[in-house]
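Residue strings, one per chain:
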Amino acid sequence: MRRIAVVMGFVVIAGCTHSTSNDPESPPDTITADQIAESHASTAYDAIVKLRANFLSNRGKTTILGSASALPVVYVDGMLFGGLNELRNIPAFQVNTIRLYRAWEAGKFGSDKTGGVIEIVTKQ
């Protein structure tokens, strides 16, 4: 009886999980233009919410003395664009890729990006 309960537990857990991407080659830190188009999102923010909502998560307090944001900041085509709300101003059809850089990867954008960076590359 115990084995049946354990197996049923695994079945329920497996049934509750889902993939956020139909493309097995797509890295978990990147959203492609094809995925955005398939999502029917109207803005970059909507695309992220539908495809990788974890990109928008608060990382919690990251320093004892610093005042750096625990939320990711947004860069568009290599330029600082602002906070997460600015993603609502970027039409989804103009986006080529969206990539999340965690704090340890975001050094190329500056040492104060402790909440990470969401980089948008537009179609040119």
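Our subject is the structure listed above.
Anyway, here's the lowdown on the structure attached to this text. (Residues numbered from 1 in each chain as written. Predicted model: local features only at pLDDT ≥ 70, side-chain atom pairs only at ≥ 80, totals over all residues. Heavy atoms only, no water.)

Points about the overall build of the chain
Summing up its helical and strand segments, the chain has three helices and five strands in all. Along the chain, helices (α) and strands (β) appear in the sequence α-β-α-α-β-β-β-β when read from the amino end. Among the 124 residues that make up the chain, the fraction classed as buried is 35%. The long-range share in the chain, meaning contacts at least 24 apart out of those at least 6 apart in sequence, stands at 58%. As displayed, the chain has an accessible area near 7,900 Å², and 60% of this comes from carbon and sulfur atoms. (Helix = DSSP H or I, 4+ residues; strand = E, 2+ residues; numbered from the N terminus. Buried < 20%, exposed > 50% of the residue type's maximum accessible area, 1.4 Å probe, protein only. Contact = heavy atoms within 4.5 Å. Areas by Shrake-Rupley, 256 points an atom, 1.4 Å probe, with all protein chains shown as cover.)

Digging into the packing of aromatic side chains
Within the structure shown, the criterion is met by two aromatic pairs. Pairing tyrosine 75 with phenylalanine 109 gives two aromatic rings, centres 4.6 Å apart and planes at 50°, and the pair type is tilted. Highlighted residues: tyrosine 75 in strand 2 (residues 73–76) and phenylalanine 109 in the loop between strand 4 (95–101) and strand 5 (117–122), separated in sequence by 34 residues. Across this residue pair, the class does not change: tyrosine 75 and phenylalanine 109 are buried. (Phe/Tyr/Trp six-rings, centres within 6.5 Å; stacked < 30°, edge-to-face > 60°.)

Some points on the pairing of strand 3 (residues 79–82)
In regular strands, side chains alternate between the two faces of the sheet. For strand 2 and strand 3, the ladder comprises three bridges, and the chain directions are antiparallel. If you follow valine 74 over to strand 3, its bridge partner there is glycine 82. Count of turn residues in the strand 2/strand 3 antiparallel hairpin: two residues, of which aspartate 77 carries a positive phi of about 50°. (Pairing = 2+ DSSP bridges.)

Remarks on the pairing of strand 5
Across the six residues that make up strand 5, a large majority, five, are buried. Bridging between strand 2 and strand 5 involves four bridges; their strand directions are parallel. Bridging across to strand 5, valine 73 finds its partner in valine 117. Pairing between strand 4 and strand 5: six bridges, direction antiparallel. Its bridge partner lying in strand 5, arginine 99 is registered against glutamate 119.

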